[in-house]
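Structure assessment
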Amino acid sequence: MELLSAAMADNIGKGSMIRRMFEAGIALKREHGEEAVCDFSLGNPDLPPPPAVADGLRSLLGGMDKPFALGYMPNGGFDWARNALAVHLSGEQGVPLTGGEVILTCGAAGGLNSLFKAILNPGDQVLGIAPYFVEYGAYVGNHGGVFRAVPSRPETFALDLDALDAAITPETRALILNSPNNPTGQVYSRREITDLCALLERRSARTGRPIFLVADEPYRFLAYDGVEVPALLPLYPYAIVASSFSKNLSMPGERIGYLALSPRMEGREDLMAGLLLANRILGFVNPPVIGQRLMAAALGSQVDAGVYERRRNAMAEVLKEAGYEFLLPKGAFYFFPRAPGGDDVAFADTLRRHLILGVSGSAFGGPGYFRLAFCVEEAVIYRAAPGLRAAVREFA
Ligand SMILES: Cc1ncc(COP(=O)(O)O)c(C=O)c1O
């Protein structure tokens, strides 16, 4: 008996690589014990939230006897929360933003879904840069759009503007730029981004329909060695930031994120009206109350990025010593090394036999590579060293 729609059955099939690894990981931990398995599979930040989050939670408790303490609210979040976030983002992005240009969402994921619901006509295309965050295809497909991956430059994962230019068609509605990048750790330079904005302005003018530039940047806070993560809102009138407090405040389970529209965008009031409705009719109804209170209490603080930097350095040392080829991540908490032997699916299986969980690059549109998430304790990274050495030796 068919219980699933054809589209959902297809999606489940496509997602099977990560799911297979996830399920195998659970089985491995059951068989060998949690401690024996080195799990670098998921980007689930393990650091506790910064102290300001706990302070916010305590003061929230004090108001629990008030009416509507946890009640419904306007679709885009509390006005005071949108205003506070707008002030914060004005500083971060370097443009003056008001609460009317900011909407709170259920994570960056919810924000991207509300955005695509609001802007896509059936068959519209959204471009992404491969390798890419694995959920983009589903988010775009959810709203009748088509996700199209455009390769980045080989080896460096830098933007390939010629490939992007060639991929743009009259159906191109948006381009997603994820920097710092999951899975590659790449951070795009100001030069690359200004050239990209010039390209989008040129191509938008030609078709008479703006191509949105969506900056998916939950890892903005996590760039290493002083590398700049340029703000996009000042650089392009149809730029939209989609982000969240999942990583910088280590509270991904609380589902609080946002979209911010360039104050130079003509017609942004109409777009905001669409986003506010989308937030409700997609079933989110409104962003979480508690998350907004925690966000407001902790705006401007973040987890200690130095911890991630030490882990990145530890992982680089271990991978280098074992003989892997990789780029040192400039940001985020992922390594994306070459898969020894070239077959990333086979290599992820090999790692698993050595009780190491990573994800094959094909799951991100990056075959020939594999991803290791280093949001784990340094001890786990060092514990993985013998297994990583043994796995690479099998392909020597
Ligand atoms: C690149 C990227 N975009 C969006 C998200 C979604 O994050 P959120 O928890 O804010 O929905 C993630 C989560 O890992 C991500 O890596």
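Here the structure is a predicted model, which is why all the values come from computation and not from measurement.

Right, let's get into the overall build of the protein chain. Secondary structure summary: the protein chain contains 14 helices and twelve strands in total. Its C-alpha radius of gyration of 21 Å places the protein chain within 12% of the 21 Å reference for a compact globule of 396 residues. Taking the principal axes of its C-alpha atoms as reference, the protein chain extends roughly 60 × 55 × 55 Å. Here the protein chain holds 396 residues, and 54% of them are scored as buried. About 16900 Å² of surface is accessible on the protein chain, with carbon and sulfur atoms providing 55% of the total. Charge-centre separation for the protein chain: the mean point of 37 positive side chains lies 1 Å from the mean point of 42 negative side chains.

A word on the layout of surface pockets. Roughly 250 Å³ of volume is contained in the second largest pocket. Together, 20 residues line the second largest pocket, and His88, Glu92, Arg220, Phe221 and Asn248 are the ones closest to its centre. Elements with a minimum of two residues in the lining of the second largest pocket: α4 (79–93) and β7 (239–244).

To continue, consider the sheet that holds strand β3 (residues 125–130). The strands making up a sheet are joined through hydrogen bonds of the backbone, oriented either antiparallel or parallel. Taking strand neighbours across the sheet as the criterion, the seven strands line up as β2-β8-β7-β6-β5-β3-β4 in an open arrangement whose pairing is mixed. The two strands at the open ends of the sheet, each matched to only one other strand, are β2 (102–105) and β4 (146–151). Strand-to-strand twist in this sheet, taken as the mean axis angle between neighbours without regard to direction, amounts to 25 degrees. Note: strand β5 (residues 172–178) against strand β6 (residues 212–216), five bridges, orientation parallel.

What follows deals with the domain arrangement of the protein chain. We note that the domain assignment places domain 1 (6–49 + 304–393) and domain 2 (52–298) within the protein chain. Computed from C-alpha atoms alone, the centre-to-centre distance between domain 1 and domain 2 is 26 Å. Counting residues at the interface gives 28 residues for domain 1 and 27 residues for domain 2. In total, domain 1 and domain 2 occlude about 2300 Å² of area from one another, counting both sides; carbon and sulfur atoms represent 60% of this. A per-residue breakdown of the area domain 1 buries against domain 2 is headed by Lys330, Ala332 and Phe364, which together make up 25% of the total. In this assembly, domain 1 and domain 2 are joined by two salt bridges.

Here we come to the pairing of β2. With burial as the criterion, each face of β2 is covered, one bearing Val102 and Leu104 and the other bearing Ile103 and Thr105. Where β2 meets strand β8 (residues 257–261), four bridges bridge the pair, whose relative direction is antiparallel. Residue pairing across strands places Val102 opposite Ala260, the latter belonging to β8.

With that settled, the discussion passes to the site of the ligand. Neighbouring the ligand are 13 residues; Asp216, Tyr219, Ser244, Ser246 and Arg255 lie closest to it. Ala109 is positioned with one of its backbone polar atoms (N or O) 2.9 Å from an oxygen atom of the ligand. Residue Asp216 places a side-chain N or O atom 2.7 Å away from a nitrogen atom belonging to the ligand. The fraction of the free accessible surface of the ligand (390 Å²) that becomes covered by protein chains is 92%. Across the shell around the ligand, the residue classes tally to five nonpolar, five polar and three charged.

Procedures and definitions
- Residues numbered from 1 in each chain as written.
- Predicted model: local features only at pLDDT ≥ 70, side-chain atom pairs only at ≥ 80, totals over all residues.
- Heavy atoms only, no water.
- Helix = DSSP H or I, 4+ residues; strand = E, 2+ residues; numbered from the N terminus.
- Rg over C-alpha atoms; globule rule 2.2 N^0.38 Å.
- Buried < 20%, exposed > 50% of the residue type's maximum accessible area, 1.4 Å probe, protein only.
- Areas by Shrake-Rupley, 256 points an atom, 1.4 Å probe, with all protein chains shown as cover.
- Lys, Arg positive; Asp, Glu negative; His and termini not counted.
- Charge placed at Lys NZ, Arg CZ, Asp CG, Glu CD.
- 1 Å grid on protein atoms, 1.4 Å probe; cavity = no way out; pocket = protein on both sides within 12 Å on 5 of 7 lines; lining within 4 Å.
- Points joined across faces, edges and corners; volume = space filled by probe spheres on them.
- Pairing = 2+ DSSP bridges.
- Axes fitted to C-alpha atoms, helices over the stretch in contact; angles between N-to-C directions.
- Domains from an automatic or database assignment.
- Contact = heavy atoms within 4.5 Å.
- Buried area = accessible area lost by both parts, 1.4 Å probe.
- Salt bridge = Lys/Arg side-chain N within 4 Å of Asp/Glu carboxyl O.
- Near = heavy atom within 4 Å.
- Polar contact = N/O pair within 3.5 Å; in protein donor to acceptor, adjacent residues only side chain to side chain.
- Nonpolar A, V, L, I, M, F, W, Y, C, P; charged D, E, K, R; others polar.

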